Amino acid sequence: MPVILYTPSMLPEWDRVVRESRNGTFLHLRGYMDYHADRFADMSLVASDDAGRIIALLPAHRRGDTLVSHGGLTYGGWLMTNRADMLAMMKVWEDMTRLLREQGIHQLIYKPVPHIYHRSPAEEDLYALWRAGGKVESVLVSSVVDMASPLGFDMAARQSVGKARRNGVTVGPSDDWQGFWRVLEERLSTAYGATPVHTLGEISLLHSRFPGNIRLYTAVCDGEIVAGIVMYYTDTVAHSQYTGSTDAGRRLRSIPLLYRYIIDNLPQGIRYFDFGTSNEDAGRYLNEGLIRQKASFGARAVAYTTYVINLAGDDVADFIKPC
């Protein structure tokens, strides 16, 4: 059951396996991963069974003597097909460790796909990770609504929705990426001294490649965009990737109305609405105001956990069977 390094010639097979996997999303397709290939030295891995069939993929990049899965993605652990059962993944982890040692990799930073993105149970990697000595490096808190049992907006959030409607705010899908990006950049710069992770050119490119997965919704008042939300849709999750508003948009309570519209019009099959994380400093700081706002929409916590493994450690040595 060899584990080998991914090469660009494997692209069609890679994308096919992502689509067949239990926990892969469109973020793991090469059309998304490779848009920032110039910033990350790709070192993704491919695992096959004894019959030569690919059973698992690891999106990853190299940073010195460390392998990160994957620094350019929110999540990116082993993507497993139905053939990758628990025993198979134990063997995959063993073979992966040997390969990484041969490649001079001394540390693995591992970001598994959170369970809400799984199409069926897919946590074999977490057991293998623990057996190999994986330790928690950071925990981010994402605010999530389970649409199978939603808590609903609280009274303050419902009042904000009503206020926005009375103020004449209209919301819906939009193609004005440039107009919203100006709002987003101004908000991030003023409030946090930051810029969006994606440039306007990059998000426009990704939207053109994945128009069904990446969508923009805006709030408009008197002909001006006062707020917007960029949504990422996977098979099971609607994820709020970017949210931004002007000063007027905040006074008009545009964001609650936007969320109300998006939630009320979710694509069929979506189980979870993920408002995103509310942390800084690798989870050590919790933005209480932000997470309180998300809680007002009925969201509760799902952990986005990152692990680290010292590949030269005794735990790993004990995990690997002699050849």
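So, here's what we can say about the structure. Within every chain, residues take consecutive numbers counted from 1 along the sequence as written. Given that this is a predicted model, residues contribute local features only at a pLDDT of at least 70 and side-chain atom pairs are listed and counted only at 80 or more, while totals for whole chains, interfaces and linings are drawn from all residues. To obtain the side-chain values, all non-hydrogen atoms of the structure were used and water was disregarded.

## Brief notes about the overall build of the protein chain
Under the DSSP-based scheme used, a helix requires at least four consecutive residues in state H or I and a strand at least two consecutive residues in state E, with every element numbered from the N terminus. Helices and strands together make up the secondary structure of the protein chain, namely 11 helices and 17 strands. Its C-alpha atoms give the protein chain principal-axis dimensions of about 70 × 35 × 35 Å. At a minimum sequence separation of 6, the contacts of the protein chain that also span at least 24 residues come to 74%. Approximately 14,800 Å² of the protein chain is accessible, and the part contributed by carbon and sulfur atoms is 51%. Distance from the positive charge centre (34 side chains) to the negative charge centre (36 side chains) of the protein chain: 5 Å. We call two residues contacting when some pair of their heavy atoms lies within 4.5 Å. A 1.4 Å probe and the Shrake-Rupley method give the accessible areas. Residues count as covered only by the protein chains that appear here. When charges are tallied, Lys and Arg are placed among the positive residues and Asp and Glu among the negative ones, while His and the ends of the chain are skipped. A charged residue contributes its charge at one atom only: NZ of Lys, CZ of Arg, CG of Asp or CD of Glu.

## Digging into the packing of helix 3 (residues 86-102) against helix 4 (residues 124-131)
Two numbers describe how helix 3 lies on helix 4: the axes approach to 9 Å, and their chain directions differ by 45°. The orientation of helix 3 with respect to helix 4, classified from their angle, is oblique. Of the two possible hands of crossing, helix 3 and helix 4 adopt the one that is right-handed. On the side of helix 3, the interface is formed by Met86, Met89, Met90 and Trp93, while helix 4 contributes Glu124, Asp125, Tyr127, Ala128, Leu129 and Arg131. For the contact of helix 3 with helix 4, a count of residues per class yields seven nonpolar, no polar and three charged. Axis lines are fitted to C-alpha atoms, over the contacting stretch for helices. Their N-to-C directions set the angle, which ranges from 0 to 180 degrees. By definition in this entry, angles of less than 35 degrees are roughly parallel, angles greater than 145 are roughly antiparallel, angles of 65 to 115 are roughly perpendicular, and the rest are oblique. Less than a right angle of anticlockwise turn of the near helix away from the far helix marks a crossing as left-handed, whereas a clockwise turn marks it as right-handed. Residues are grouped as follows: Ala, Val, Leu, Ile, Met, Phe, Trp, Tyr, Cys and Pro are nonpolar; Asp, Glu, Lys and Arg are charged; all remaining types, including Gly, are polar.

## Details of the packing of aromatic side chains
Any Phe, Tyr or Trp ring, taking Trp's six-membered ring, that has another such ring centre within 6.5 Å forms a pair; planes under 30 degrees apart are called stacked, those over 60 apart edge-to-face, and the others tilted. Applying the stated criterion to the full structure yields 19 aromatic pairs. On the numbers, 5.0 Å between centres and 45° between planes, the contact of phenylalanine 153 with phenylalanine 297 is tilted. Placement of the pair is phenylalanine 153 in the loop between strand 9 (135-146) and helix 5 (155-166) and phenylalanine 297 in the loop between helix 10 (288-296) and strand 17 (300-310), with a sequence separation of 144 residues. Type-normalised accessible area, obtained with a 1.4 Å probe on protein chains alone, sets the label of each residue: buried when under 20%, exposed when over 50%, and partly exposed for intermediate values. Judged by relative accessible area, phenylalanine 153 falls into the buried class, the value being 7%. Residues phenylalanine 180 and tryptophan 181 carry aromatic rings whose centres are separated by 5.9 Å and whose planes lie at 75° to one another, so their mutual orientation is edge-to-face. Given a relative accessible area of 1%, tryptophan 181 falls into the buried group. Every member of this aromatic cluster is reached through a ring pair, and the members are Phe26, Tyr32, Tyr35, Phe210 and Tyr232. Arginine 30 extends its terminal NZ or CZ atom over the ring of tryptophan 14, reaching a point 4.3 Å from the ring centre. By definition here, charges over rings are those cases where NZ of Lys or CZ of Arg is within 6 Å of the ring centre and within 35 degrees of the ring normal. Over the aromatic face of phenylalanine 153 sits the side chain of arginine 260, whose NZ or CZ is 4.3 Å from the ring centroid.

## Describing unusual backbone geometry
Serine 69 connects to histidine 70 through a cis peptide bond whose omega is 0°. Along the polypeptide, histidine 70 turns up in the loop between strand 6 (66-69) and strand 7 (79-80). Positive phi, close to 55°, is recorded for aspartate 222, a residue that is not glycine. Locating aspartate 222 in the fold gives a position in the loop between strand 11 (214-221) and strand 12 (224-233). Accessibility expressed as a relative area gives 76% for aspartate 222, which makes it exposed. Positive phi is not limited to glycine here, since alanine 282 has a value of about 55°. For alanine 282, the position within the fold is in the loop between strand 15 (279-280) and strand 16 (285-286).

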